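Structural features, examined
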Amino acid sequence: MSQDFRLAEGGLIDRERHLHFKFDGRRYTGFAGDSLAAALLANGVRLVGRSFKYHRPRGVVTCGSNEPNALVELRTGARKAPNMPATTIELYEGLVASSQNRWPSVNFDLLSVNNILAPVFVAGFYYKTFMWPASWWEPVYERFIRRAAGLGRASGAPDPDRYERANLHCDVLVVGGGPAGLAAALTAGRAGARVVICDEGPRLGGSLLSERIRLNGEAGWRWAGEAALELAGLPNVRVMTGTTVFGYYDHNTLGAVERVGEKGPRPPEHMPRERMWHIDAGQVVIAAGALERPIVFTNNDLPGVMLASAARGYVNRYAVRPGSRAVVFGNNEDIYATADDLTAGGVEVVGVVDSRAKAAQSSSHPVYQAQRVVRALGWRSVTGVELGDGTKLNCDLVAVAGGWNPAVHLSSQTGVRPVWNSEAAAFLPGEPRQAEASVGAAAGYFATSDALDTGAAAGKAAAEARGRKAKIADLPVAEEPRHGGLEALWYVPGRDKRSFIDLQHDVTVSDVKLAEREGYRSVEHMKRYTTLGMATDQGKTANIPGLAILAEARGQDIPEVGTTVFRPPYTPVSLGVFAGYNRQQNFQPVRRSPLHEWGEAHGAVFMEAGPWMRIQAFPRDGEDIMAATNREVEATRRSVGMCDVSTLGRIDLQGPDVAEFLNRLYCNGWKTLPVGKARYGLMLREDGIVFDDGTTSRLGENHYLMTTTTGQAPLVMTHMEYCHQVLWPELDVTFVSVSDQWAGVAVAGPKSRAVLQKVFPEADLSNEAFPFLAAGEFDLGGLPARLFRITFSGELGYELNVPADYGPAVADMILEAGEEFGITPYGLEALDVMRIEKGHVTHADLDGRVTAADAGFGKMMSTKKDYIGRRLAERPAFSEARRPRFVGLRPVDRNSRLHAGAHLLPQGTTDSIEHDEGYISSAAYSPTLGHWIALGFLANGHERLGEVVRMVDLVRGLEVPVEVVSQHFVDPEGERQNA
């Protein structure tokens, strides 16, 4: 395809490098240095997408990352990325992109019928419409909303690319590579400071690349190139182009994304798609520039309506005519510079519409003084405009200049509220709270000479703040068109329902006025009610006009209305780069128990349990997991089973004050625990909620071993370190995690003592010599071993710990000793079934909302000592009768299945939150009882044994009557475990 709108010369493109690309299946050509938007415009493509709500035709509006309209799906297959601004995509050979939010095509979109229904789809439409009848919500409304939501489509396939994370430390971080940023980086870099300069574009220069600015008599882009070369040659300076600083956090920490492998259908081999940078900066210079804003008028959303700075940028930087016949409309001197640049680029300027009463300069173009564009004419693109006096001008391009908004986003993210400046009619950065300074256009200095001066001064101050002697070298002399002369104009009254503020979300002037009439007068409420500024561009073009129209509706000035604050990210960031390598099997380090290979050799199937790969079950031929689990439970209850419990947290404590230390950590007492005994302990958080549970054994006078749950082991260790170092440093206690040093095997069942007696033939393991909760150290053929008589299955049970390397050999020894009893290895599923049958809580039940009393441990909470969480655990709300309490549940119809997560409601009530009385936390099929059972929390459950309530599972569409029973389904008196 020929590039009919490409200028014969000029621009910062490489005309020797022709690039081929596809858009919506059609082939086009462009040049190296083009953006996708520039290449499309060069080929005469003006319709690039459809708007979110009304599916109106949309074209290119800007020349940068503030683009609200020209969003495309980039690439195909698993690498497809939706909602990518065509204005920021660097053209490369073989690029494939497609328009989005249309069906079947962007030129013929059936959903554009929504445009006819625009009077219905007003602000708050969803809130007002999808309320009645309630029965329609799931089958009709929800499906409609889900189908309509969003713009682009994700691939739905796993992302094949890699993403990285890295860290940077510097004296001075300069955000933005325009004239202000270059001056700051040069001044600080020449002083020897460690400087990092980031710019979201592919090359440094900023406005110097797209404006006809001369520095020292030469084109501004030449000076920018020389400055970039000098910076790249300084060993203490790091230049990062294609890198967006998206977030500014406390302590001068900033987040940035570097687009490493975006210039191609796939990243180069061994390279990531993107890299996330965590930057710690001593000083920050924000030179992010300013964003031009539009003026709102009727039909201002048609393709061909473009910001004046964008029109100049396409002509000057990309040598592209954004139209053939142009009308330039604005309220400041930029309109005359725009008209001159367009004329120099071969665009016929049929009129300069100046809304001001008097022009500040003369023009060689037809000028319509004190006039306004009332509406744009056309259907799929602009064909003309109508002025306030009825004059109509034929054109295919409307370049609009409404003034400039400094990019205060990063400054605002630090908690600094922007300050209104009436002269600039814009918000400027407030007083800094951190070691940062805004310069150039980001601080309201729009002239290039002022940008150079403020940038250099900030660079000098930043370097000196880091202990470097700096001086400002001679700065280039700037020659540029006149700026300023602004007379604020936000919108032109007309058809408010066709006057668009937020182009992406189709928010109109009438929507903002309606929000104000309906009471959404706060700027925060108006934003959410209308969705103004909530699109991918985060209102970069829409916020200020929206505020101005709201202020007018309220009869106030903009400063009285205020502004929303900006939060990260500055521009959208892919989720993959946040995750980095932490995905799929790399999400977190995989931990394997010392018995992992032993389990594999015996046919184990594994499952993820936090970071651990734990044995799920040992299925035999023809068995699924449930069948294997039932067999393992029955064998253990009948005779004996063995299970790998090496993943439990183990913390070795020694010292004369260990008992006192435990007394303060746990809610029950520890000073009376004798040597050779274990005790169950309950640990609370400071807010009185259960934190962790487990057993702690006293192995010697000053030697204890604590066990924790598998999932909480790291957090418990961290909690203990904090308590010892910060709260009670006077206690003489030493402790260390020994979880990796020991392998653990649980042996449970009525024949477990007989099996272990063969393993320890010389030990007395009788009930009298080694009773329940006994703990001791033994010799196992010269191998140190620790044996604990504890159980979570409700059976006679033991836990044997040996050094980790000997775990497999000892497991084989136990198997051999138990062969005559039919010993059966069992996995985590069987362990979970047996603990539910016994009524033991785990972290499946202790979900961060449960108190000790809720879980039935109220009697464990000592009243004779202080401990972490005691005071807040005594809050009246924690003892209310209506609190959910731990209970057992079984179906009235024994053939019914129970599900964890289902809610519990009284009989005869509707399925609503008002009647919700609790939930099921754990459920399992009990082969011992022959039906499903569950543990859960029910309001005042301790007093409701025998009552029948409803298990309601709206996700699965189930309702099952269940009986409230004791949580101890098996061995409620403890006869088996004490046998």
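Since the model is a prediction, treat every value here as computed from it, not as a measurement.

1. A closer look at the sheet that holds strand 39 (residues 703–708)
Ordered in space as 37-38-39-36-40, the five strands form an open sheet in which the pairing is antiparallel. Edge positions in the open sheet fall to strand 37 (678–684) and strand 40 (734–737), since each of these has one partner strand only. Geometrically, the sheet is characterised by an average inter-axis angle of 25 degrees between neighbouring strands, direction not taken into account. Seen against the sheet, helix 17 (residues 658–665) touches strand 36 (649–654), strand 37, strand 38 (690–700), strand 39 and strand 40 and runs at an angle of roughly 25 degrees to strand 39. Together, strand 36, strand 37, strand 38, strand 39 and strand 40 form the strand contacts of helix 18 (residues 713–727), whose direction differs from that of strand 40 by roughly 160 degrees.

2. Observations regarding the nonpolar core
Counting residues in hydrophobic clusters, the biggest one holds 57 residues, and the most contacted among them are Phe 21, Phe 23, Leu 36, Leu 95, Tyr 314 and Leu 342. At seven residues, helix 1 (residues 36–42) tops the list of elements feeding residues into this core. Grouped together as the second largest cluster of nonpolar side chains are 36 residues, Ala 748, Val 833, Met 860 and Tyr 867 included.

3. With respect to the packing of aromatic side chains
Under the criterion given, the structure shown has 19 aromatic pairs. Relative to Phe 578, the ring of Phe 246 has its centre 5.8 Å away and its plane inclined at 80 degrees; by these criteria the two rings are edge-to-face. Here the residue Phe 246 occupies a position in strand 13 (residues 243–249), and Phe 578 occupies one in helix 14 (residues 575–579), the gap between them amounting to 332 residues. Chaining the aromatic ring pairs together yields one cluster made of Phe 760, Phe 770, Phe 778 and Tyr 798. Geometry around Phe 500 places Arg 58 over its ring, the cationic atom sitting 5.3 Å from the centre. Over the face of the ring belonging to Trp 670 we find Arg 679, whose NZ or CZ atom lies 5.8 Å from the ring centre.

4. Re the pairing of strand 42 (residues 775–780)
In this sheet, strand 43 (residues 783–788) lies alongside strand 42 in antiparallel orientation, the contact comprising six bridges. Bridging from a neighbouring strand, Gly 776 pairs with Leu 787 of strand 43. The turn linking strand 42 back onto strand 43 is made up of two residues, and Gly 781 within it adopts a positive phi angle of 60 degrees.

5. So, the sheet that holds strand 45 (residues 824–825)
An order of 42-43-44-41-35-45 is seen for the six strands of this open sheet, with the pairing classed as mixed. Looking along the sheet, the strands with just one partner apiece sit at the ends: strand 42 and strand 45. Note: strand 43 against strand 44 (residues 797–803), three bridges, orientation antiparallel. From the neighbouring strand, Phe 788 faces strand 44, where its bridge partner is Glu 799. Of the strands in this sheet, strand 41 (742–748), strand 42, strand 43 and strand 44 are in contact with helix 19 (residues 752–759), which crosses strand 44 at around 30 degrees. Strand contacts of helix 20 (residues 807–817): strand 35 (641–644), strand 41, strand 42, strand 43, strand 44 and strand 45, with the helix running at about 145 degrees to strand 44, the strand carrying the most contacts.

6. Things to note about the environment of Lys 838
Assignment of secondary structure puts Lys 838 in helix 21 (residues 828–838). Residue class for Lys 838 comes out buried when judged on its relative accessible area of 7%. On a C-alpha basis, the gap between Lys 838 and Arg 17 in space is 75 Å, while along the polypeptide they are 821 residues apart. From its side chain, Lys 838 meets the backbone oxygen of Asp 971 in a polar contact 2.7 Å long.

7. What about helix 9 (residues 448–465)?
Over its 18 residues, helix 9 extends 26 Å from the first C-alpha to the last, a length consistent with the 26 Å expected when each residue adds 1.5 Å. Among the residues of helix 9, those classed as buried are Thr 448, Ala 451, Leu 452, Thr 454, Gly 455, Ala 456, Ala 458, Gly 459, Ala 462 and Ala 463. Buried residues in helix 9 make contact with strand 8 (163–175), helix 4 (179–190), strand 10 (214–215), helix 5 (220–233), strand 15 (274–286) and strand 29 (478–479). Within two residues after helix 9, Gly 467 carries a phi angle of roughly 85 degrees, on the positive side.

8. Focus: helix 10 (residues 509–517)
Of all nine residues in helix 10, seven are buried; the element is thus mostly enclosed. Those residues of helix 10 not exposed but buried are Val 509, Ser 510, Asp 511, Val 512, Leu 514, Ala 515 and Glu 516. Those residues of helix 10 that are buried lie in contact with helix 2 (125–129), strand 30 (500–502), strand 31 (507–508), helix 11 (523–530) and helix 12 (543–554). Residue Gly 519 follows helix 10 closely and has a positive phi angle near 100 degrees.

9. Considerations on the environment of Phe 770
Mapped onto the elements, Phe 770 comes out in the loop between helix 19 and strand 42. By relative accessible area, Phe 770 is classed as buried at 6%. For the pair Phe 770 and Leu 831, spaced 61 residues apart in the sequence, the C-alpha separation amounts to 23 Å.

10. Here's the deal with the packing of helix 4 against helix 9
With their axes 7 Å apart at the nearest point, helix 4 and helix 9 run at an angle of 30 degrees to one another. With respect to helix 9, the element helix 4 is oriented roughly parallel. Two packed elements cross with a definite hand, and for helix 4 against helix 9 that hand is right-handed. On helix 9, the residues that touch Pro 179, Ala 180, Ala 183, Ala 184, Thr 187 and Ala 188 of helix 4 are Thr 448, Ala 451, Leu 452, Gly 455, Ala 456, Gly 459, Lys 460 and Ala 463. Here the contact of helix 4 with helix 9 is built from residues that sort into nine nonpolar, four polar and one charged.

Conventions used here
Residues numbered from 1 in each chain as written. Predicted model: local features only at pLDDT ≥ 70, side-chain atom pairs only at ≥ 80, totals over all residues. Heavy atoms only, no water. Pairing = 2+ DSSP bridges. Helix = DSSP H or I, 4+ residues; strand = E, 2+ residues; numbered from the N terminus. Axes fitted to C-alpha atoms, helices over the stretch in contact; angles between N-to-C directions. Contact = heavy atoms within 4.5 Å. Core = buried A, V, L, I, M, F, W, Y, C linked by side-chain atoms within 4.5 Å. Buried < 20%, exposed > 50% of the residue type's maximum accessible area, 1.4 Å probe, protein only. Phe/Tyr/Trp six-rings, centres within 6.5 Å; stacked < 30°, edge-to-face > 60°. Lys NZ or Arg CZ within 6 Å of the ring centre and 35° of its normal. Polar contact = N/O pair within 3.5 Å; in protein donor to acceptor, adjacent residues only side chain to side chain. Expected span 1.5 Å × (residues − 1). Parallel < 35°, antiparallel > 145°, perpendicular 65-115°, else oblique. Left-handed = near helix turned anticlockwise from the far one by under 90°. Nonpolar A, V, L, I, M, F, W, Y, C, P; charged D, E, K, R; others polar.

Bear in mind that shape data such as this cannot, by itself, settle questions of function.
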